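Below are the chains, spelled out letter by letter.
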Amino acid sequence: MPQRGEPSGTASGSVLVTGIRELVTCAGADGRMPVLGPVVPADERLGVVPDAAVVVEDGVVAWVGPAASAPGADRRVDLGGRAVVPGFVDSHSHLVYAGDRAAEFSARMAGRPYDGGGIGVSVAATRAASDDELRGLLRARVAQMRALGTTTVEVKSGYGLSVADEQRSLRLAREVTDETTFLGAHVVPPEARGDRAAYLDLVCGPMLRACAPHARWVDVFCEPASPHAFTGDEARRVLEAGRDAGLGLRVHGNQLSAGPGVRLAVELGAASVDHCTFLTDADVEALVSAAGTTVATLLPGVEFSTRSPYPDARALVDAGVDVALATDCNPGTCNTSSMPFVVALAVREMRMTAAEALVAATVGGARALRRPDVGRVAVGARADLAVLDAPSYEHLAYRPGMPLAHALDLGSGAGSVPDAGPGPDAGPGPDAGPGPHAERGVR
Ligand SMILES: N=CN[C@@H](CCC(=O)O)C(=O)O
Ligand SMILES: [Zn+2]
């Protein structure tokens with residue numbers, strides 16, 4: 001696993017990545033990050049190059065185009081006719097935790113609604129774990145993500161909820177990603193339930209001071225419908241304190257009800273408001289007006305795992321809202337880190353096209369993290385490539401639950417993926433193996 005901030009999947013010298021049957025760049029015609037929204041249809045924004053090659057130098061894309069006109073390089077990696085898409089940008093996850101809540105999931109499947117109360121169970125298990133235990137769990141989760149094609153990940157705290165435990169969570173998260181988020185205002189922890197105001201004082205004072213050096217973002221679970229989470233006024237206080245400490249803003253909003261989260265996020269210029277499950281017309285209008293500033297990050301794995309209605313992604317995309325897709329991987333509402341699964345859900349359950357879903361899972365996530373260097377394959381961007389054991393990106397939705405995607409690792413000196421020949425799906429066969437990837441980090 002590379003150190004935080006170091007390009008993953010790279011070695012010194014130039015590498016020609018060839019044998020790409022379909023390269024999806026998700027880059028605008030000029031190679032820049034494309035504008036989202038309905039102005040340019042998502043399939044045009046995909047920027048598909050058939051029979052393509054990519055040259056990588058020092059972890060950065062140096063050339064993209066048809067394989068027939070590719071320049072030479074120090075090394076050559078042949079992908080044997082596979083499709084390549086930008087590595088997924090998972091802009092919302094909670095990977096620092098111990099314990100599991102399978103019993104809570106089963107109770108939900110039997111009809112018990114989600115209200116955030118189970119977060120306390122994860123807090124107790126996380127506090128009880130040693131640094132090494134938490135680090136091992138975190139790194140295993142990151143390795144699973146990379147094996148599924150994710151190359152950039154945001155990781156939140158939020159299962160510590162004391163000064164020391166929140167700081168520890170962020171310190172560990174910083175070992176694997178630059179995109180760390182302080183979520184001390186996840187819920188009011190059990191020991192503070194008698195005095196919410198005192199807990200908010202702690203979050204906005206000593207906890208923030210201890211955590212800000214380890215975080216890029218601050219987040220808050222704004223959900224008046226949950227007795228455990230925070231009202232609009234409380235959330236505003238947390239966000240303003242975080243902003244004053246130099247952090248960027250993110251919000252968990254409108255997950256359980258049409259609460260104030262979305263409009264608060266837009267008013268404060270947050271980079272992202274996440275969930276957006278229950279929206280009023282005024283919320284959608286606010287998100288439309290905030291295009292270019294605040295991304296609506298949809299997390300359909302949560303609706304799948306909580307048996308809730310899905311967000312109206314179609315209405316958001318058609319209205320011109322900037323939309324991202326992320327996993328929200330966490331022990332309570334969505335215990336999967338699979339971006340391909342999220343893409344499949346977005347297409348099947350939220351009526352996004354496969355092209356829209358792929359854009360939202362790559363460039364959309366990059367915009368939600370304000371990262372122009374990831375989420376697309378273009379000269380100057382980081383060489384974060386996801387290889388599909390399939391001929392086309394459409395297979396991500398067409399073959400749900402299949403192990404199709406992995407992050408390409410160019411650092412091991414590994415050679416070509418074996419050419420499996422055209423299988424029954426007109427793409428590389430199931431024996432093709434996962435290709436030249438290793439358990440390296442995501443950022
Ligand atoms: N809703 C708030 N936080 C997480 C769930 C956390 C949990 O239940 O452990 C989410 O994004 O869904
Ligand atoms: Zn979350």
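These numbers were taken from a predicted model, which means no experiment stands behind them.

**Focus on helix α13 (residues 354-368)**
Compared with an ideal rise of 1.5 Å per residue, which puts 15 residues at 21 Å, α13 spans 20 Å between its outermost C-alpha atoms and is within 8% of the ideal. At A360, α13 shows its maximal bend, which comes to roughly 40°. Counted residue by residue, α13 has 15 buried out of 15 residues, so it is predominantly covered. Remark: R370 follows α13 within two positions and exhibits a positive phi of approximately 55°.

**Here we look at the side chain of T177**
You can see T177 is positioned in the loop between α5 (163-174) and β8 (180-185). Polar contacts involving the side chain of T177 include one to the main-chain carbonyl oxygen of V153, which spans 2.6 Å.

**Thoughts on the UniProt feature "domain: Amidohydrolase-related" (unreviewed entry) in the protein**
Residues annotated in UniProt with the feature "domain: Amidohydrolase-related" (unreviewed entry) correspond here to residues 84-396. Strand forms 14% of residues 84-396 and helix 43%; the C-alpha atoms that close the span are 12 Å apart.

**Brief notes about the domain arrangement of the protein**
Segmenting the protein into domains produces domain 1 (14-86 + 375-432) and domain 2 (89-368). Here the C-alpha centroids of domain 1 and domain 2 sit 29 Å apart. Across the boundary between the two partners, domain 1 contributes 28 residues, which contact 27 residues of domain 2. The tally of links between domain 1 and domain 2 comes to zero salt bridges. In this structure, the connection of domain 1 to domain 2 is made through three residue pairs in polar contact (both at pLDDT 80 or more). For the side of domain 1 that touches domain 2, the secondary-structure elements that each account for two or more residues are α1 (42-45), β4 (75-86), α14 (395-398) and β15 (405-407). Of the residues assigned to the side of domain 1 that touches domain 2, the class counts are 19 nonpolar, three polar and six charged.

**A short note on the coordination of the zinc ion (ligand 2)**
Surrounding the zinc ion (ligand 2) are the protein donor atoms H92 (NE2), H94 (NE2), H252 (NE2) and D328 (OD), at 2.0 to 2.4 Å. Mapping the donors of the zinc ion (ligand 2) onto the primary sequence yields the spacing H-x1-H-x157-H-x75-D. One end of the pair, H92, is in the loop between β5 (88-90) and α2 (102-109); the other, D328, is in the loop between β13 (323-325) and α12 (339-350), and 236 residues separate them in sequence. The buried category is assigned to H92, whose relative accessible area is 0%.

**Here we look at unusual backbone geometry**
Positive phi, normally seen in glycine, also occurs at L161, with a value near 60°. With respect to the helices and strands, L161 occurs in the loop between β7 (155-156) and α5.

**Concerning the sheet that holds β15**
Reading across the sheet, the six strands line up as β3-β2-β1-β4-β14-β15 and stay open at both edges, with mixed pairing between neighbours. One side of each edge strand has no neighbouring strand; the edge strands of this open sheet are β3 (60-66) and β15. Neighbour to neighbour, the strand axes of the sheet diverge by 40° on average, direction disregarded. Relative to β15, strand β14 (residues 385-388) runs antiparallel, the two sharing three bridges. Each bridged residue has a counterpart across the sheet, and for A386 the counterpart in β15 is A407.

About the criteria used
Residues numbered from 1 in each chain as written. Chains lettered and ligands numbered in written order. Predicted model: local features only at pLDDT ≥ 70, side-chain atom pairs only at ≥ 80, totals over all residues. Heavy atoms only, no water. Helix = DSSP H or I, 4+ residues; strand = E, 2+ residues; numbered from the N terminus. Expected span 1.5 Å × (residues − 1). Bend = angle between axes of the 7 residues up to and from the residue. Buried < 20%, exposed > 50% of the residue type's maximum accessible area, 1.4 Å probe, protein only. Polar contact = N/O pair within 3.5 Å; in protein donor to acceptor, adjacent residues only side chain to side chain. UniProt positions renumbered as here; feature names shortened; annotations may be inferred. Domains from an automatic or database assignment. Contact = heavy atoms within 4.5 Å. Salt bridge = Lys/Arg side-chain N within 4 Å of Asp/Glu carboxyl O. Nonpolar A, V, L, I, M, F, W, Y, C, P; charged D, E, K, R; others polar. Donors = N, O, S within 2.8 Å, 3.2 Å for Na, K, Ca; no water. Pairing = 2+ DSSP bridges. Axes fitted to C-alpha atoms, helices over the stretch in contact; angles between N-to-C directions.

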